[in-house]
Amino acid sequence: RTHRLLANVKAPMFFSTSPAPPASDEFIRSTNISNCVRYAPEVVAEYKVFSLLKQDGSVRDPDAELPNKTPDEWRTMYEFMVRLKEMDEVMLASQRQGRISFYMTATGEEAIHIGSASSIEMGDTVLAQYREQGVLLWRGASLQQLADQCFSNEADTGKGRQMPVHYGSKEHNFQTISSPLGTQLPQAVGVAYAHKLNKDGHISVCYFGEGAASEGDFHAALNMASTLEAPIVFFCRNNGYAISTPAHEQFRGNGIASRAIGYDMPAIRVDGNDIAAVSIAMSKAKEIASKQSRPVLVEAMTYRVGHHSTSDDSTRYRSVEEINQAKESCPIQRTKNFLIKNEWWDEESDVKLRETERRSVLKAIEVAERRNHPSPVTDLFSDVYDKLPKHLEEQQHEFIQHLEKYPDHGSAH
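(A) Examining the overall build of the chain more closely. Counting its secondary structure elements, the chain contains 16 helices and eight strands. By the burial criterion, 47% of the 413 residues in the chain qualify as buried. Of the roughly 21,300 Å² of accessible surface on the chain, 51% is carried by carbon and sulfur atoms.

Right under this line is the structure:
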């Protein structure tokens, strides 16, 4: 399988109640039905894939403008890509060993995480799906914080109430991830509209996979964002598969970017394995969203090298040959080649980096595993009401009595 890389109730005051203009004022009329029938290939211009770096690290066009970054900044971006990969590999192994219950890797999509995250500000609110842990790392979350969440221990800011990899951090302006697919899309529009009302110059960034674009929430979100002129970047990771369903069985048409036309919003299609291109694409999208107060759709073309999750065996619906072929376009290797070509990196430094990052992940897991679980007595009842209502106080009291009577059923500490 290959990608087609081409690219009357009183209304609230922010809705227009003016009648629509007559068709003759807005549309061209024709009496010939043949002139009025159009198919997507005729109407929708092909979306070219914005790409800057070849797999060997060379620049495709000597005149192309690369992100304005210092050698240190390029190295930092690469280091975060490696950190993400090492974390994914160790966490995956931990799940296979039965130490955590679930995990999802981002193998093959590292450039999307770091490239996009490096082009937005902390004031920009992120609403992710469940494969954007690199974005959270870039925004300042530590390996320990992520490990604590995956192990659902007492240091987990979510108090063990979420599945592993369902991160959330108020400190890093990263909204908590929700399992149901696509729910973050319309929510992100509301966040963007709040930024607009506050006039703070910030945007919301909503990450999702191409599979989520088949959900009704996708269309509702794009329509709301367009009509409200909300400053938001919809960032689609088109990695070819919605769990086991390949893209060509999910939808017809010119990918996801072409859907922007129906909602009157600009769209960018970018090589998701090219960190330089992703960085510039996100910068451009943010500029449009912020300065023009309008939504932008970005479609990053990539490939999900790993399984959908630890509950999945992707070799049951795709060949090993296909996976190995995709590995030849590894975004980490491409970035590494670029650094070496510019004499900003070498193999010795690379080996040291990978060893250091792996040790850091292992240390974080060791600490997370030793920590206690959250307290069931308090954390089962808190954080829903500002003040615990009487009926929950009674339930909590009954729960404590149960634990005291049957201590083997759980711990009150």
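(B) Quick peek at the pattern of salt bridges. All told, the structure shown has 22 salt bridges when counted by the stated rule. Close ionic contact of Arg-370 with Glu-366 constitutes a salt bridge, the shortest N to O distance being 3.1 Å. Of the two residues, Arg-370 and Glu-366 both sit in helix H14 (residues 347–370), four residues apart, roughly one turn of that helix. What makes Arg-370 exposed here is its relative accessible area of 55%. You can call Glu-366 partly exposed: its relative accessible area is 40%.

(C) Geometry of the packing of helix H5 (residues 110–117) against helix H11 (residues 275–292). The N-to-C vectors of H5 and H11 enclose an angle of 40 degrees; their axes lie 8 Å apart at closest approach. Taken together, the axes of H5 and H11 are oblique relative to one another. Regarding H5 and H11, the two cross each other, and that crossing is right-handed. For the pair formed by H5 and H11, the contact residues are Ala-111, Ile-112, Ile-114, Gly-115 and Ser-116 on the first element and Ile-275, Val-278, Ser-279 and Met-282 on the second. Its residues placed into classes, the contact of H5 with H11 shows six nonpolar, three polar and no charged.

(D) A look at helix H12 (residues 320–327). Of all the residues in H12, the buried ones are Glu-322, Ile-323 and Ala-326. Summarising the axial view, the buried residues of H12 lie within an arc of 100 degrees, below the 170-degree limit, and thus occupy one face. Facing away from the buried surface of H12 by more than 90 degrees, the exposed residues are Glu-321 and Gln-325. For H12, the secondary structure elements touched by its buried residues are strand E5 (241–242).

(E) Representation of the nonpolar core in the model. Counting residues in hydrophobic clusters, the biggest one holds 66 residues, and the most contacted among them are Met-87, Met-91, Tyr-103, Tyr-167, Phe-174, Phe-235 and Val-298. A total of ten residues in this core trace back to one element, the largest contributor, which is helix H4 (residues 71–96). Membership of the second largest hydrophobic core comes to 27 residues, among which are Cys-206, Ala-212, Ala-221 and Ala-225.

(F) Layout of the sheet that holds strand E3 (residues 204–209). Taken in spatial order, the six strands line up as E2-E1-E3-E4-E8-E7 in an open sheet, and their pairing is parallel. Edge positions in the sheet fall to strand E2 (174–175) and strand E7 (267–271), since each of these pairs with one other strand and no more. Note: strand E4 (residues 232–238) against strand E8 (residues 296–301), six bridges, orientation parallel. What sits directly across from Phe-234, in E8, is Leu-297. Sheet strands touched by helix H8 (residues 184–198): strand E1 (125–127), E3 and E4. Its angle to E3, the strand with the most contacts, is close to 170 degrees.

(G) Broad picture of the packing of aromatic side chains. Per the counting criterion, the structure on display carries nine aromatic pairs. For the ring pair Phe-208 and Phe-218, a centre distance of 5.6 Å and an interplane angle of 55 degrees mean the geometry is tilted. Separated by ten residues along the polypeptide, Phe-208 in strand E3 and Phe-218 in helix H9 (residues 216–228) bring together distant segments of the chain. Plain terms: the ring middles of Tyr-241 and Tyr-317 are 5.7 Å apart, the flat faces sit at 50 degrees to each other, and that makes the pair tilted. Of this pair, Tyr-241 sits in strand E5 while Tyr-317 sits in the loop between E8 and H12, and the two are 76 residues apart along the sequence. Note on Tyr-241: relative accessible area 6%, which makes it buried.

(H) Expanded view of the pairing of E3. Here E3 lies mainly inside the structure; six of its six residues are buried. Of the two faces of E3, the one carrying Ser-204, Cys-206 and Phe-208 and the one carrying Val-205, Tyr-207 and Gly-209 are both buried. Bridging between E1 and E3 involves three bridges; their strand directions are parallel. Pairing of Leu-127 across the sheet is with Cys-206, part of E3. Crossover handedness for the path E3 to H9 to E4: right-handed.

(I) Region of interest: the pairing of E7. Burial runs high along E7: four of the five residues are buried. You can see the chain leave E7, run along H11 and come back into E8, and the turn it takes is right-handed.

(J) Here's a closer look at the environment of Gln-250. Assignment of secondary structure puts Gln-250 in helix H10 (residues 247–250). By relative accessible area, Gln-250 is classed as buried at 17%. Each C-alpha atom, one on Gln-250 and one on Gly-211, is 7.1 Å from the other, the two residues being 39 residues apart in sequence. Those residues in contact with Gln-250 that lie beyond four places of it in its chain are Glu-210, Gly-211, Ser-214, Gly-240, Tyr-241, Ala-242 and Thr-245. Among the polar contacts listed, one links the side chain of Gln-250 to the side chain of Glu-210, at a separation of 2.9 Å. At 3.5 Å, the side chain of Gln-250 forms a polar contact with the backbone nitrogen of Gly-211.

(K) Here's a closer look at the environment of Met-224. Along the chain, Met-224 falls in helix H9. Once the C-alpha coordinates of Met-224 and Tyr-193 are considered, the two residues, 31 residues apart in sequence, prove to be 9.8 Å apart. Beyond its immediate stretch of four places on either side in the chain, Met-224 contacts Pro-186 and Val-189.

(L) H14, seen in detail. Between its terminal C-alpha atoms H14 stretches 35 Å, which fits the 34 Å expected from 24 residues at 1.5 Å a residue. The set of residues buried in H14 consists of Asp-350, Leu-353, Glu-357, Val-361, Ala-364, Ile-365, Val-367 and Ala-368. Contact partners of the buried residues in H14: H4, helix H7 (143–151) and helix H13 (331–341). Backbone nitrogen of Glu-348 and a side-chain oxygen of the N-cap are separated by 3.2 Å at the start of H14; the cap is Asp-346.

Basis of the calculations
Residues numbered from 1 in each chain as written. Predicted model: local features only at pLDDT ≥ 70, side-chain atom pairs only at ≥ 80, totals over all residues. Heavy atoms only, no water. Helix = DSSP H or I, 4+ residues; strand = E, 2+ residues; numbered from the N terminus. Buried < 20%, exposed > 50% of the residue type's maximum accessible area, 1.4 Å probe, protein only. Areas by Shrake-Rupley, 256 points an atom, 1.4 Å probe, with all protein chains shown as cover. Salt bridge = Lys/Arg side-chain N within 4 Å of Asp/Glu carboxyl O. Axes fitted to C-alpha atoms, helices over the stretch in contact; angles between N-to-C directions. Parallel < 35°, antiparallel > 145°, perpendicular 65-115°, else oblique. Left-handed = near helix turned anticlockwise from the far one by under 90°. Contact = heavy atoms within 4.5 Å. Nonpolar A, V, L, I, M, F, W, Y, C, P; charged D, E, K, R; others polar. Arc of directions from axis to C-beta. Core = buried A, V, L, I, M, F, W, Y, C linked by side-chain atoms within 4.5 Å. Pairing = 2+ DSSP bridges. Phe/Tyr/Trp six-rings, centres within 6.5 Å; stacked < 30°, edge-to-face > 60°. Right-handed = clockwise from strand over helix to strand, strands pointing away. Polar contact = N/O pair within 3.5 Å; in protein donor to acceptor, adjacent residues only side chain to side chain. Expected span 1.5 Å × (residues − 1).

Functional significance is not addressed by these values, which are geometric in nature.
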